[in-house]
Amino acid sequence: DPKIIQKPKYLVAVTGSEKILICEQYLGHNAMYWYRQSAKKPLEFMFSYSYQKLMDNQTASSRFQPQSSKKNHLDLQITALKPDDSATYFCASSQQGGTGNTLYFGEGSRLIVV
Amino acid sequence: GQQVQQSPASLVLQEGENAELQCNFSTSLNSMQWFYQRPGGSLVSLFYNPSGTKHSGRLTSTTVIKERRSSLHISSSQTTDSGTYLCALDQGGRALIFGTGTTVSVSP
């Protein structure tokens, strides 16, 4: 059974709309992350949270907002969607934040913006 | 420029052949992590390797910090090894920096 659940797996959205990507982890981890993978680009770090607090944000646009309602949840709200936002968004978690911690990834949410 | 470079970009193997995947980095390193990405998306951690050599089944990871490189060796490849192998630089306290990956295709 997957220990990191991402919903939805696939999503088609209209330019200008708003969507929320859901992530729940059942590994008992304290740190959670969002990464983005676009065509022909390396997996790109977006956010990291530790004990529900934002630790690092390398996303330039404020259109991307992480939301952590519980320790094992880290959702990603994306507003004013653009075609360039089309990508697969991966949620990950680790026992603790910082160095030396193995990351565990979810299956990804594939977003297409038309 | 790209801080983590992987080579080759793609590799075609006949089942049973060995392969060596390279990862070179241009910045300071706390450790190197190797991941396998299944066709279709999900990533699986293979190694966390700060230095030296580590083994797991038919896979071997070697990190040489002074030379700013890490390698992943696949021995006796199988069709189930097909997928993309990603290395990621752990700089300590910050996010992992991923390479662009090596896509491996193993035919029977």
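These numbers come from a predicted model, not from an experiment. (Residues numbered from 1 in each chain as written. Chains lettered and ligands numbered in written order. Predicted model: local features only at pLDDT ≥ 70, side-chain atom pairs only at ≥ 80, totals over all residues. Heavy atoms only, no water.)

## Thoughts on the overall build of chain B
Part 1 of the reasoning: Broken down by element type, chain B carries 0 helices and 11 strands.
Part 2 of the reasoning: When the helices and strands of chain B are listed from N to C terminus, the series reads β-β-β-β-β-β-β-β-β-β-β.
Part 3 of the reasoning: Taken against the 2.2 N^0.38 rule, which gives 13 Å for 108 residues, the C-alpha radius of gyration of chain B at 13 Å falls within 12% of a compact globule.
Part 4 of the reasoning: Viewed in the frame of its principal axes, chain B has a C-alpha envelope of about 40 × 25 × 20 Å.
Part 5 of the reasoning: Burial analysis of chain B (108 residues in total) assigns 45% to the buried set.
Part 6 of the reasoning: For chain B, the exposed area adds up to about 4,900 Å²; of that, 47% sits on carbon and sulfur atoms.
Part 7 of the reasoning: Each charge sign in chain B was given a centre, from 7 positive and 6 negative side chains, and these centres are 12 Å apart. (Helix = DSSP H or I, 4+ residues; strand = E, 2+ residues; numbered from the N terminus. Rg over C-alpha atoms; globule rule 2.2 N^0.38 Å. Buried < 20%, exposed > 50% of the residue type's maximum accessible area, 1.4 Å probe, protein only. Areas by Shrake-Rupley, 256 points an atom, 1.4 Å probe, with all protein chains shown as cover. Lys, Arg positive; Asp, Glu negative; His and termini not counted. Charge placed at Lys NZ, Arg CZ, Asp CG, Glu CD.)

## Observations regarding the sheet that holds strand β3 (residues 19-25) of chain A
Residue and element names in this part refer to chain A.
Part 1 of the reasoning: Spatially, 4 strands are ordered β1-β3-β8-β7 in an open sheet, and the strand pairing comes out antiparallel. Bordering the open sheet on either side are β1 (4-7) and β7 (64-67), each of which pairs with just one other strand. Going from strand to strand, the sheet's axes swing by 15 degrees on average, the running direction of each strand aside.
Part 2 of the reasoning: In this sheet, strand β8 (residues 75-78) lies alongside β7 in antiparallel orientation, the contact comprising 4 bridges. In the sheet register, Pro 66 faces β8, and the bridge partner there is Leu 76. (Pairing = 2+ DSSP bridges. Axes fitted to C-alpha atoms, helices over the stretch in contact; angles between N-to-C directions.)

## What to know about the confidence of the model for chain B
Part 1 of the reasoning: Mean pLDDT over chain B stands at 91; residues scoring 70 or higher make up 95%.
Part 2 of the reasoning: The weakest mean pLDDT in chain B belongs to strand β10 (residues 97-98) of chain B at 90; the strongest belongs to strand β2 (residues 10-14) of chain B at 97. (pLDDT = per-residue confidence, 0-100.)

## Section: the pairing of strand β1 (residues 4-7) of chain B
Residues and elements named next belong to chain B.
Part 1 of the reasoning: Burial of the side chains of β1 is restricted to one face: Val 4 and Gln 6 are buried, whereas none of Gln 5 and Ser 7 on the reverse face is.
Part 2 of the reasoning: Bridge analysis of β1 against strand β3 (residues 19-25) gives 4 bridges, and the strand direction is antiparallel. Directly across from Ser 7, in β3, lies its bridge partner Gln 22.

## Here we look at the pairing of strand β9 (residues 83-90) of chain B
All names here are of chain B.
Part 1 of the reasoning: Across the 8 residues of β9, 8 count as buried, placing the element largely inside the fold.
Part 2 of the reasoning: In this structure, strand β4 (residues 31-37) lies alongside β9, joined through 7 bridges in antiparallel fashion. Residue Gln 37 lies in a different strand from β9, and its bridge partner there is Thr 84.
Part 3 of the reasoning: Examined bridge by bridge, β9 and strand β11 (residues 102-107) share 3 bridges and lie antiparallel to one another. Bridge pairing links Gly 83 to Val 104 in β11.

## Remarks on the state of the cysteines
All names here are of chain A.
Part 1 of the reasoning: Using the criterion set out here, one finds 2 disulfides over all chains in the structure.
Part 2 of the reasoning: Cys 23 shares a disulfide with Cys 91; S-S distance 1.9 Å. The S-S bond linking Cys 23 to Cys 91 shows a torsion near -70 degrees; that makes this disulfide left-handed. Taken as a pair, Cys 23 in strand β3 and Cys 91 in strand β9 (residues 87-94) lie far apart in primary sequence, 68 residues in all.
Part 3 of the reasoning: Accessibility expressed as a relative area gives 0% for Cys 91, which makes it buried. (Disulfide = S-S within 2.5 Å.)

## Side note on the environment of Thr 27 of chain B
All names here are of chain B.
Part 1 of the reasoning: Mapped onto the elements, Thr 27 comes out in the loop between β3 and β4.
Part 2 of the reasoning: Sequence separation between Thr 27 and Val 64 is 37 residues; the distance between their C-alpha atoms is 13 Å.
Part 3 of the reasoning: Beyond its immediate stretch of four places on either side in the chain, Thr 27 contacts Gln 3, Arg 68, Leu 89 and Gln 91. (Contact = heavy atoms within 4.5 Å.)

## Some thoughts on the environment of Leu 21 of chain A
Residues and elements named next belong to chain A.
Part 1 of the reasoning: Mapped onto the fold, Leu 21 is located in strand β3.
Part 2 of the reasoning: Remark: the alpha-carbon pair of Leu 21 and Ile 4, spanning 17 residues in sequence, is separated by 13 Å.
Part 3 of the reasoning: Setting aside chain neighbours within four positions, we find Leu 21 in contact with Lys 7, Pro 8, Leu 11, Trp 34, Asp 75, Leu 76, Ile 78, Tyr 89 and Ser 109.

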